[in-house]
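Notes for the structure review
Below, each chain spelled out in residue letters.
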2 protein chains.
Amino acid sequence: MNAGKPEEHPAVPALADVLISEVGPRDGLQSVAATMPTADKLRWIDALAAAGLREIEVGSFVPAHLLPQLADTAEVVRHARGHGGLTVMALVPNQRGAQAALRAGVHKLTVPLSASEAHSLANVRKTREAMVDEVAAIARLRAEAAPRVRLEVGLSTAFGCTLQGAVAEDDVIRLAEACVRAGVDEVGLSDTTGMANPAQVRRLFIRLRAAIGGHAGAAHMHNTRGLGLANCLAAFDVGVRTFDASLGGLGGCPYAPGASGNVVTEDLVFMFEAMGVSTGIDITRLLAARQPLAAGLPGEPIYGMTAEAGLPKGFVQGNPRV
Amino acid sequence: MNAGKPEEHPAVPALADVLISEVGPRDGLQSVAATMPTADKLRWIDALAAAGLREIEVGSFVPAHLLPQLADTAEVVRHARGHGGLTVMALVPNQRGAQAALRAGVHKLTVPLSASEAHSLANVRKTREAMVDEVAAIARLRAEAAPRVRLEVGLSTAFGCTLQGAVAEDDVIRLAEACVRAGVDEVGLSDTTGMANPAQVRRLFIRLRAAIGGHAGAAHMHNTRGLGLANCLAAFDVGVRTFDASLGGLGGCPYAPGASGNVVTEDLVFMFEAMGVSTGIDITRLLAARQPLAAGLPGEPIYGMTAEAGLPKGFVQGNPRV
């Protein structure tokens, strides 16, 4: 294993119909006050890999004083790279983060870019156009230093913004096109605020694919108002095949107790597998991966309806039409 | 108002795309240990009607010693009939219940019939065939005594059963056809156990419509494994236009704390309205109807993600593409 030369990884694992991209170790852990000890993170990631997850966002390369929960991301990346076939992804907000991520040996970089100008200014103190320039600089850096590393942009607040309200669909598409011109491989759409509805999801992902073709990326849906799985279904219906989710629904933007942010990985995998859509994930092992998560974050609420109810009587994975 | 001669009511209210059928006062209240005082029930139903609900299952005509929570159903029916345009529905398990319901003046009877033989025997100590005979007797009674009253059968465990596991789709369709031959107006499908998935929902409702045409009725989905709204979306996609739901997710078959059974009316209405699918319901008033529900059932958990998160910034009902 050579940390400086990551291998290329396919977007969807062999024999699976969809790719479930686990974001809990980044999106989840940055949202909780407690810091999960590194050893617990590694055990959790090992359990996720053992369940068959093929892409995990393992951390974020941001200054440690901003997100002390993720200060060990380089170490986590090096460990996660030991899992054959796993795409190790990290969030980077800027060139400095991208440099650190490439040094650590990630397979994939993901850069958040707000579709809402108000959210962009509030979140990173940059206009959206300035963030497109930053993305272009990251793409150049990647092309020079590590051309086989994949580069993704997640367009946050793509379905609405808690600061400015509605976000124009034309803005979302224009930014996606600008990112592809800047050299990005995939552009996904994120419902950061849980405002999306299935009709909007279908409309916007259809437009996205029409605009940027095979560069159209993941659906990152939130369950803030209970529509997370319905929105994933809507995205699947129009051809989306990569879905972000978080084990136990950890993280996202919860507005209220019980109103978890991220779509729960276990529930999403159950939905697809029950439909006969293969995820490549063993759902029993996936449910078992909640244990190391809970152990590493004592007292933190872990969500998930499938885990609470258990699998249905007679449920056999890969055999949905019993 | 003449309790002996209910008027005919349209299935879908004017100017609405879908009919949301509120089942909380029956399905919800029969599932909780406490008995809501009659005066509180009436206040709750008034609030639901004020929000624009056009069909409410207000109770059940079963012996009072079996369901003391619903012993006042006849009184509730008489009160609910005072709301112009509201279809007042009650559950009846047999001819005796149907007679009592017709005497009280309901507009619509709903009869549960298990698609699973094991569930039917466990629940009503009758085979499915014996229940079809009972339905036929109820249909004859209705034709003689109150031909304008509508008669619905809800096929419970249509998507799977906690006792026998899988339920054959052919059995579901065969029973639906038998019910229509027996004189039933509408046959709906109920995911009593929260085992349905969107692919199965689409498949089975398509088959149902192919078999019984315009007699195909409501989708009654549960949120046991988090798929309630996704399953409603799937049903909508294949032409279903009537959806059962329960305010605050009260009732259903909860298997675990937090795993509410019935789809939450507020979340379902939010989903449709956000999509631009008109429900005829004022979502702000609907959220306000949680107050009398909570007041009548002190200490009972009331669910709902939309209520917890609030409506999105800038959300304007009837104007989804702002």
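Bear in mind the structure is a predicted one, so any value in this text is a computation, not a measurement. (Residues numbered from 1 in each chain as written. Chains lettered and ligands numbered in written order. Predicted model: local features only at pLDDT ≥ 70, side-chain atom pairs only at ≥ 80, totals over all residues.)

Let's talk about the pairing of strand 8 (residues 242-245) of chain B
Residues and elements named next belong to chain B. Where we set the bar: Comment: burial labels come from other C-beta atoms within 10 Å of the residue's own C-beta, placed from the backbone, where a count of 20 or more is buried, 12 or fewer is exposed, and between is partly exposed. Helix and strand assignments come from DSSP, with helices taken as H or I runs of at least 4 residues and strands as E runs of at least 2, each series counted from the N terminus. At least two bridges found by DSSP between two strands is the condition for calling them paired. Here, the term right-handed applies to a crossover whose path from the first strand over the helix to the second runs clockwise when the strands point away from the viewer.
Side chains of strand 8 alternate between two faces, with T242 and D244 and F243 and A245 buried alike. Pairing geometry for strand 1 (residues 19-22) and strand 8, over 4 bridges, is parallel. The partner of S21 across the bridge, within strand 8, is D244. For the segment spanning strand 7 (residues 216-220), helix 9 (residues 228-237) and strand 8, crossover handedness is right-handed.

Things to note about the pairing of strand 8 (residues 242-245) of chain A
For strand 7 (residues 216-220) of chain A and strand 8 of chain A, the ladder comprises 2 bridges, and the chain directions are parallel. Counterpart to A:H220 in the pairing with strand 8 of chain A is A:D244.

Notes on the relation of the copies chain B and chain A
Stated formally: All copies are superposed by least squares; the fitting set is the C-alpha atoms of residues with a pLDDT of at least 70 in both. C-beta atoms are placed from the backbone for every residue, and two residues are taken to be in contact when these atoms lie within 7 Å.
Relative to chain A, chain B is turned by 180° and slid 0.0 Å along the rotation axis, the superposed coordinates differing by an RMSD of 0.0 Å. When the rotation and shift are considered jointly, the pair of chain copies conforms to a two-fold rotation axis. Closest to the rotation axis within chain B is the C-alpha of B:A230, separated from it by 2.0 Å. When the interface residues of chain B are mapped onto chain A, 100% of them are again interface residues, pointing to one common binding face.

Digging into the confidence of the model for chain A
Residues and elements named next belong to chain A. So the rule is basically this: The predictor rates its confidence in each residue with pLDDT, a number between 0 and 100.
Put simply, chain A has an average pLDDT of 92, and 91% of its residues get 70 or more. Contacts for the low-pLDDT stretch residues 1-13, under 50 throughout, to residues beyond four places or in other chains number 23 contacts. Contacts for the low-pLDDT stretch residues 254-259, under 50 throughout, to residues beyond four places or in other chains number 12 contacts. Model confidence for the complex: the whole-complex pTM is 0.93, and ipTM, which rates the interface, is 0.92.

Here's the deal with the interface of chain B and chain A
So the rule is basically this: The nonpolar class holds Ala, Val, Leu, Ile, Met, Phe, Trp, Tyr, Cys and Pro. Asp, Glu, Lys and Arg form the charged class, and all remaining residues, Gly among them, are polar.
Contacts between the two partners involve 37 residues from chain B and, on the opposite side, 37 residues from chain A. Looking at the side of chain B that touches chain A, the elements that each hand over two or more residues are helix 8 (198-212), helix 9, helix 10 (265-275) and helix 13 (305-309) of chain B. By residue number, the principal contributor to the side of chain B that touches chain A is helix 10 of chain B, which donates 5 residues. Its residues assigned to classes, the side of chain B that touches chain A comprises 21 nonpolar, 12 polar and 4 charged.

Quick look at the nonpolar core
Here is the rule we go by: Each nonpolar core consists of buried Ala, Val, Leu, Ile, Met, Phe, Trp, Tyr and Cys residues. Their C-beta atoms, within 7 Å, join them into a set.
The biggest cluster of nonpolar side chains holds 201 residues, and the ones touching the most others in it are A:C179, A:L268 and B:L268. Leave out the neighbours within four places in its chain, and B:L268 touches B:I20, B:L229, B:C232, B:F243, B:A245 and B:V263.

Thoughts on the environment of B:Q164
All names here are of chain B. Mapped onto the elements, Q164 comes out in the loop between strand 5 (150-156) and helix 7 (169-181). When the C-alpha atoms of Q164 and E117 are compared, they prove to be 8.3 Å apart, with 47 residues separating the residues in sequence. The contact partners of Q164, leaving out residues within four places of it in the chain, are S116 and A118.

Concerning the sheet that holds strand 2 (residues 55-60) of chain A
Residues and elements named next belong to chain A. What counts is decided by this rule: Axis angles are defined between N-to-C directions and span 0 to 180 degrees, where every axis is a line fitted to C-alpha atoms and, for a helix, only to the segment in contact.
The strand order around the closed barrel formed by 8 strands is 1-2-3-4-5-6-7-8, and the pairing between neighbours is parallel. With direction set aside, neighbouring strand axes in the sheet form an average angle of 30°. Lying over the sheet, helix 10 (residues 265-275) contacts strand 1 (19-22) and strand 8, oriented at roughly 175° with respect to strand 1.

Here we look at the packing of helix 6 (residues 128-145) of chain B against helix 7 of chain B
Residues and elements named next belong to chain B. We count it as follows: Working rule for angles: under 35 degrees goes down as roughly parallel, over 145 as roughly antiparallel, 65 to 115 as roughly perpendicular, anything else as oblique. By the definition used in this description, the sense in which the near helix is turned from the far one sets the handedness, with an anticlockwise turn below a right angle giving left-handed and a clockwise turn giving right-handed.
Contact pair helix 6 / helix 7: the axes reach a minimum separation of 9 Å and the direction vectors enclose 25°. Classed by the angle they form, the pair helix 6 and helix 7 counts as roughly parallel. Our pair here, helix 6 against helix 7, has a crossing hand that is right-handed. Only L175, A178 and C179 of helix 7 make contact with helix 6, whose side of the interface consists of R128, V132 and V135. Of the residues contributing to the contact of helix 6 with helix 7, the split by class is 5 nonpolar, no polar and 1 charged.

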